[in-house]
Amino acid sequence: MLNKAGIAEPSLWTRADAMKVHTDDPTATMPTIDYDFPVMTDKYWVWDTWPLRDINGQVVSFQGWSVIFALVADRTKYGWHNRNDGARIGYFYSRGGSNWIFGGHLLKDGANPRSWEWSGCTIMAPGTANSVEVFFTSVNDTPSESVPAQCKGYIYADDKSVWFDGFDKVTDLFQADGLYYADYAENNFWDFRDPHVFINPEDGKTYALFEGNVAMERGTVAVGEEEIGPVPPKTETPDGARYCAAAIGIAQALNEARTEWKLLPPLVTAFGVNDQTERPHVVFQNGLTYLFTISHHSTYADGLSGPDGVYGFVSENGIFGPYEPLNGSGLVLGGPASQPTEAYAHYIMNNGLVESFINEIIDPKSGKVIAGGSLAPTVRVELQGHETFATEVFDYGYIPASYAWPVWPFPDRRK
Ligand code: FRU
């Protein structure tokens, strides 16, 4: 299928691929999370989380501290279901990558020109002692805006804590263009968010992955033979499939400051399969490019289903593909059938460790649903060619650093 710009097709996640998704596949299933899970902080709901890392995807520590960033909302002001109305980026630090201490909000109050701070990534600026850049989604309800943006500052630490300064000016990076990526005018269910910035080892250029929908009016996807793929005779494609047009988007940085970008056509689309491919991120391993994204049971097209979890695609040809779904189906790690919404927003790090947040747990005794809002157990996934295998379960929220960011004397800008 060509988009409005007449650009050749990205790789397709087909209905035939998605028919191979099986909940409770033991090699691709999260451990069942105890409804009595430990809570990181009783002051804030904690959901989408990402580690401090370098621009190549390696998780780093700073002066002996591991640091993570998460969407947070004050539990006294917001419930679990309306937490997005108070979404800010918070940070936590720890010695050793567990038992996280809440440090505060990253951006200064009022720095974001829009109402909410949604997901993204945080990198140490290459070649600097302590410059940090956060790429996040600056979101507004009215008017409906969702803009990948950048904010810069500095990280500091002593033997007691970690803190940040700067983070007072937000720069918009790129917007949905209505050409490659649907904007609000075309599709009021549009998604355009979650920038993940990295250097592509093959060409040394800087790119951002993001969540989008293919540019077209909502409900107009022509789900034909290519989008369906090879299916058994008499397999029907329900009419509702035309509402699904998720895309894993990519943009290229045009300057060293990572403030000017060019949108490129999507890498993977899910026409007639799913309407959301969120928080895309990438791992390069053994000459293969692994593209991961999270998706929901509830955003699958009619006639298909799969668990909330992380899905993935592999390319033997670098970042621009073509991609094939991992494990044949795309499913890498999903919630068990007994706890289908237990975890979400999985993020697979370069070392194969997968962190996610606890979403909603069903109390097996009362059947009551308990809100999560804290990190889930970390799981190791081994990447072997076109297959993945869940092999190990670690503590809740275990996010260790791969190396220590090199520091040298720098001015103490503490107030
Ligand atoms: C995934 C997600 C992201 C978004 C955030 C908002 O859990 O939907 O795509 O940035 O949550 O809460």
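Our structure's up above, just so we're on the same page.
What counts, and at which threshold
Residues numbered from 1 in each chain as written. Predicted model: local features only at pLDDT ≥ 70, side-chain atom pairs only at ≥ 80, totals over all residues. Heavy atoms only, no water. Helix = DSSP H or I, 4+ residues; strand = E, 2+ residues; numbered from the N terminus. Rg over C-alpha atoms; globule rule 2.2 N^0.38 Å. Buried < 20%, exposed > 50% of the residue type's maximum accessible area, 1.4 Å probe, protein only. Contact = heavy atoms within 4.5 Å. Areas by Shrake-Rupley, 256 points an atom, 1.4 Å probe, with all protein chains shown as cover. Lys, Arg positive; Asp, Glu negative; His and termini not counted. Charge placed at Lys NZ, Arg CZ, Asp CG, Glu CD. Phe/Tyr/Trp six-rings, centres within 6.5 Å; stacked < 30°, edge-to-face > 60°. Lys NZ or Arg CZ within 6 Å of the ring centre and 35° of its normal. Core = buried A, V, L, I, M, F, W, Y, C linked by side-chain atoms within 4.5 Å. Salt bridge = Lys/Arg side-chain N within 4 Å of Asp/Glu carboxyl O. Disulfide = S-S within 2.5 Å. Near = heavy atom within 4 Å. Polar contact = N/O pair within 3.5 Å; in protein donor to acceptor, adjacent residues only side chain to side chain. Pairing = 2+ DSSP bridges.

Our focus in this paragraph is the overall build of the chain. Across its full length, the chain carries 2 helices and 25 strands. A globule of 415 residues ought to have a C-alpha radius of gyration of about 22 Å, and the chain, at 20 Å, matches this closely. In terms of overall dimensions, the chain has C-alpha extents of about 70 × 55 × 45 Å along its principal axes. With 415 residues in all, the chain has 59% of them scored as buried. Taking all contacts inside the chain whose residues are at least 6 apart in sequence as the whole, residues at least 24 apart take part in 65%. Entry remark: accessible area of the chain is about 16,400 Å², with carbon and sulfur atoms responsible for 49%. When the 29 basic and 52 acidic side-chain charges of the chain are each reduced to a single mean position, those positions are 7 Å apart.

We now examine the packing of aromatic side chains. Under the counting rule described, the total for this entry stands at 26 aromatic pairs. Ring centres 6.2 Å apart and planes at 85° place the aromatic pair Y180 and Y181 in the edge-to-face group. Grouping residues by exposure puts Y180 and Y181 together as buried. Measuring from ring centre to ring centre gives 5.4 Å for F394 and Y398, while their planes differ by 35°; the resulting arrangement is tilted. In this structure an aromatic cluster arises from ring pairing among F174, Y180, Y181, F192, F210 and W261. A cation sits over an aromatic face here: R83 above W80, 3.7 Å from the ring centre. The residue whose ring lies beneath R218 is F189, and the NZ or CZ to ring-centre distance is 3.9 Å.

Glancing now at the nonpolar core. Counting 75 residues, the largest nonpolar core has F69, L107, I155, V162, F164 and F292 as the members making the most contacts within it. Not counting the four nearest positions on each side in its chain, F164 is found in contact with V67, F69, Y91, L106, V132, Y154 and I155. Ranked by size, the runner-up nonpolar core spans 29 residues in total, among them V197, V221, A253 and L263.

Let's shift gears to the pattern of salt bridges. Pairing is possible between side chains of opposite charge, provided their charged atoms come close. For the structure on display, the rule yields 12 salt bridges. For E145, the salt bridge identified is with R114, shortest N-O distance 3.0 Å. Highlighted residues: E145 in strand β9 (residues 145-157) and R114 in the loop between β6 (101-105) and β7 (116-124), separated in sequence by 31 residues. Accessibility expressed as a relative area gives 28% for E145, which makes it partly exposed. Under the relative-accessibility criterion, R114 is labelled buried at 11%.

Evaluated as defined, the whole model comprises 0 disulfides. We note that C121 lacks a disulfide partner, and the nearest cysteine sulfur, in C151, lies 13 Å from it.

This part covers the site of the ligand. By nearness alone, every residue bordering the ligand is listed as W47, D48, L71, N84, W118, S119, R193, D194, E211, E278, I294 and Y344. Taking E211, its side chain carries an N or O atom lying 3.4 Å from an oxygen atom of the ligand. Between E278 and the ligand, the recorded distance is 2.9 Å, taken from a side-chain N or O atom to an oxygen atom. Going through the elements one at a time, β2 (44-53), β7 and β11 (193-199) are the ones with two or more residues in the shell around the ligand.

What follows covers the pairing of β11. Among the 7 residues of β11, 6 are classified as buried, and the element is accordingly described as predominantly covered. Summarising the sheet, β11 and strand β12 (residues 206-213) pair through 5 bridges and their orientation is antiparallel. Each bridged residue has a counterpart across the sheet, and for R193 the counterpart in β12 is E211. The antiparallel hairpin formed by β11 and β12 contains 6 residues in its connecting segment, where G204 sits at a positive phi of about 70°.

Taken together, 5 strands build an open sheet; the order of strands is β1-β14-β13-β12-β11 and the sheet is mixed. With partners counted over all chains shown, the strands left at the sheet margins are β1 (11-12) and β11, one partner each. Across 7 bridges, the pairing between β12 and strand β13 (residues 245-253) is antiparallel. By the bridge assignment, N213 is partnered in β13 with A246.

So far we have only geometry, and geometry alone does not tell us how the molecule works.
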